[in-house]
Amino acid sequence: MIFSHRDVNLILDAYEKGKPFFLYTGRGPSSEAMHVGHLIPFMITKWLQDIFDVPLVIQLTDDEKFLWKDLSAEEARRLANENAKDIIALGFDVDKTFIFSDMDYIGSSPDFYRTMLKVQKCVTFNQVKGIFGFGDSTCIGKISFPSIQAAPSFSSSFPQIFGGRKDIQCLIPCAIDQDPYFRMTRDVAPRLGFPKPALLHTTFLPALQGAMTKMSASDAVSSLYLTDTNAQIKKKINKYAFSGGQATVEEHRRLGGNVDVDVSYMYLTFFMEDDDKLKQIREDYSSGKMLTGELKKELIGILQKVVSEHIERRKQVTDETVKEFMTPRKLKYNY
Ligand code: TRP
């Protein structure tokens, strides 16, 4: 699920010597319907938070989606709260986690704004043109947005959490498409006297139709939503999940299935906890002992459980809880 990193070894070496770090990740709230692929970086982030017991900041870029999509500012802000509920439902600890909407937090935090400004002063139009493909007709909101995604990488943006310290290292778990923002961030960090953020890159969950595509929240048949019923999950996987199996049972028994293109198998690599069982499935499917229907049945059972449990936990998340997570405050750590 994680296929590359930048400087995580440095974070770990420093951690062993007692030097603190914090986690930063985010989500662009472009739609109400999050799909199971969106869970991956957050599940990894939750696991890291549990293991290392460090502060976590989660940026909801309602401003980004307002600028890039056909969304009103009000609607983008509302979606940020809806997505916050899905994120909170994964079990993050309110004493260790600050979730913020850019639209709300930036206006309330002089330190965040100053950090943004420092980044803005170091990056030229020519540089962001090269990194993000901006051009002469790109609106200026987009041109300055990368500084907003960069700012949470620096502890100076959160004085209420870090007591004004500017030297706390940051680790960012993110999907690979976010890397350009953080290459830019790492480039400017030394000039600002801040540590460079470290990165963990997660892969995309492929769309049901095949590994060449990523799951898209706006394409109903390519995605498994976090709101799907058991029946919908079963139907979508049986009907759409691209299969590496053979055309007939006889051929399948003789030639075996191809796990490298089989989407159901790929999903199992993400969602099946038991590695030994996964290995057995790989062998049995490849040898032809296991049929596509049987493989899909395993996946359907697991995802029905993942999604229905998510729905239950999300129901417990009230507006009050969202507000608690999103209130700027000190977390349980002292600096
Ligand atoms: N731009 C990201 C998106 O569209 C949201 C985001 C902001 C993010 N900060 C981040 C993602 C840090 C990962 C890590 O989804």
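Residues numbered from 1 in each chain as written. Predicted model: local features only at pLDDT ≥ 70, side-chain atom pairs only at ≥ 80, totals over all residues. Heavy atoms only, no water.

Per an unreviewed UniProt entry, the protein carries the name Tryptophan--tRNA ligase, cytoplasmic and comes from Branchiostoma lanceolatum. The Sequence similarities (unreviewed entry) comment attached to the protein in UniProt states, word for word, "Belongs to the class-I aminoacyl-tRNA synthetase family." (UniProt positions renumbered as here; feature names shortened; annotations may be inferred.)

Enquirer: What's the story with the packing of helix 13 (residues 263–271) against helix 15 (residues 292–316) in this structure? I'm lost.
Expert: When two helices pack together, you describe them by how their axes are tilted relative to each other and by the distance separating the axes. Closest axis-to-axis distance for the helix 13/helix 15 pair is 10 Å, and the angle between their directions is 40°. Considering the angle they form, helix 13 stands oblique to helix 15. Crossing geometry of helix 13 relative to helix 15 is assigned as left-handed. Listed contacts from helix 15 to Ser264, Tyr265, Tyr267, Leu268 and Phe271 of helix 13 are Leu295, Lys296, Glu298, Leu299, Ile302, Leu303 and Val306. (Axes fitted to C-alpha atoms, helices over the stretch in contact; angles between N-to-C directions. Helix = DSSP H or I, 4+ residues; strand = E, 2+ residues; numbered from the N terminus. Parallel < 35°, antiparallel > 145°, perpendicular 65-115°, else oblique. Left-handed = near helix turned anticlockwise from the far one by under 90°. Contact = heavy atoms within 4.5 Å.)

Enquirer: Before we go on, may I ask you to explain helix 1 (residues 8–16) in this structure?
Expert: Since one α-helical turn is 3.6 residues long, residues separated by three or four positions face the same way. Every buried residue of helix 1 is accounted for by Val8, Ile11 and Ala14. Buried residues of helix 1, viewed axially, fall in a sector of 130°; they line one side. After helix 1 finishes, the residue glycine 18 shows a positive phi value of roughly 90°. (Buried < 20%, exposed > 50% of the residue type's maximum accessible area, 1.4 Å probe, protein only. Arc of directions from axis to C-beta.)

Enquirer: What's the story with the site of the ligand in this structure? I'm lost.
Expert: Near the ligand, the surroundings consist of 14 residues, among which Tyr24, Gln59, Glu64, Gln149 and Gln178 are the closest. In this structure, an oxygen atom belonging to the ligand sits 3.1 Å away from a main-chain N or O atom of glycine 28. Within the side chain of glutamate 64, a nitrogen or oxygen atom sits 2.9 Å from a nitrogen atom of the ligand. Sorting elements by how many residues they give to the shell around the ligand places strand 2 (residues 21–27) first, with four residues. Classifying every residue of the shell around the ligand gives four nonpolar, seven polar and three charged. (Near = heavy atom within 4 Å. Polar contact = N/O pair within 3.5 Å; in protein donor to acceptor, adjacent residues only side chain to side chain. Nonpolar A, V, L, I, M, F, W, Y, C, P; charged D, E, K, R; others polar.)

Enquirer: Would you mind showing me how to read unusual backbone geometry here?
Expert: Backbone geometry places aspartate 7, a non-glycine residue, at a positive phi of 60°. Inspection of the secondary structure puts aspartate 7 in the loop between strand 1 (2–6) and helix 1. We classify aspartate 7 as partly exposed; its relative accessible area is 25%. Positive phi, normally seen in glycine, also occurs at aspartate 53, with a value near 55°. Within the secondary structure layout, aspartate 53 lies in the loop between helix 2 (36–52) and strand 3 (56–60).

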